[in-house]
Amino acid sequence: MKYKLFTILYILKMNQNTIFYGSSESPFGFCSIAFSNSKVCSLIFPENEEEAQKDFRRRLNTDKLEKNEAEAIRIITAIFQYSYRPELDLHGTPFQMSIWEALQQIPAGKTSTYSEIAAAIGRPKAVRAVGTAIGANPVAYLIPCHRILRSDGGMGGYRWGLAIKKKLLEAEGVKM
DNA sequence: AGGACAACGGTCT
DNA sequence: AGACCGTTGTCCT
């Protein structure tokens, strides 16, 4: 009986594996990532580490968050210097998942629009909601939400500031 | 070209 | 139920 209880607690603890995080400079500014079992849960461009921690805690809905700066720097460097594509660990509503999926189909250097994405997932009228779902993209850069522009040619928004969006697009040779 | 505005749909509180 | 939004098409000046 006692044994059973401990097994269950152990399994629960293992099931909620801890998420590690850390930050480093990147070609596009200060960058933080959260990862678990070598899968990347989130990549963001916050102001500082404190904002990163808050964002991760809320977004990933966990209190098991531990700093691992060395590994974070290693992953960030690999991503930006050697275009390493880590596996992603994504969680979202079906609507969000389908949109994040669609975003990943857009090759570097190409752009799309909020309404095109809406059409692509079969909800042509959900344009506004597509905007918010794109804004909720947990993995910036790797899931290229920066490649989405307004249909009138405008920049649209960017969760981490338009300056970074612009930088990302310029680096891909997109002209605006 | 650019501003105001209503309609839209998913998500959060 | 209501408010919030990384939008868009339309109707103006």
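Please read these numbers as outputs of a predicted model, since none were measured by experiment.

K.L.:
Describe the domain arrangement of chain A, and please don't skip the residues or the numbers.
P.N.:
If you check the domain split of chain A, you get domain 1 (2-82) and domain 2 (94-171). Centre-to-centre, using C-alpha coordinates, domain 1 lies 24 Å away from domain 2. Across the contact surface, domain 1 and domain 2 share one salt bridge. Arg 159 is paired through a salt bridge with Asp 55; the nearest N and O atoms lie 3.2 Å apart. Here domain 1 and domain 2 share five residue pairs in polar contact (both at pLDDT 80 or more) between them. Secondary-structure elements contributing two or more residues to the side of domain 1 that touches domain 2 are strand 3 (39-44), helix 2 (49-59) and helix 3 (69-81). The element best represented in the side of domain 1 that touches domain 2 is strand 3, accounting for five residues. Here the side of domain 1 that touches domain 2 is composed, by residue class, of ten nonpolar, one polar and three charged.

K.L.:
Which residues make up the nonpolar core, and what values go with them?
P.N.:
Counting 43 residues, the largest nonpolar core has Leu 43, Phe 45, Ile 99, Leu 103 and Tyr 141 as the members making the most contacts within it. In terms of residues, this core owes the most to one element, helix 3, which gives five residues. Residues lining this core come from more than one domain, with at least three contributed by each of domain 1 (2-82) and domain 2 (94-171).

Procedures and definitions
- Residues numbered from 1 in each chain as written.
- Chains lettered and ligands numbered in written order.
- Predicted model: local features only at pLDDT ≥ 70, side-chain atom pairs only at ≥ 80, totals over all residues.
- Heavy atoms only, no water.
- Domains from an automatic or database assignment.
- Salt bridge = Lys/Arg side-chain N within 4 Å of Asp/Glu carboxyl O.
- Polar contact = N/O pair within 3.5 Å; in protein donor to acceptor, adjacent residues only side chain to side chain.
- Helix = DSSP H or I, 4+ residues; strand = E, 2+ residues; numbered from the N terminus.
- Nonpolar A, V, L, I, M, F, W, Y, C, P; charged D, E, K, R; others polar.
- Core = buried A, V, L, I, M, F, W, Y, C linked by side-chain atoms within 4.5 Å.
- Buried < 20%, exposed > 50% of the residue type's maximum accessible area, 1.4 Å probe, protein only.

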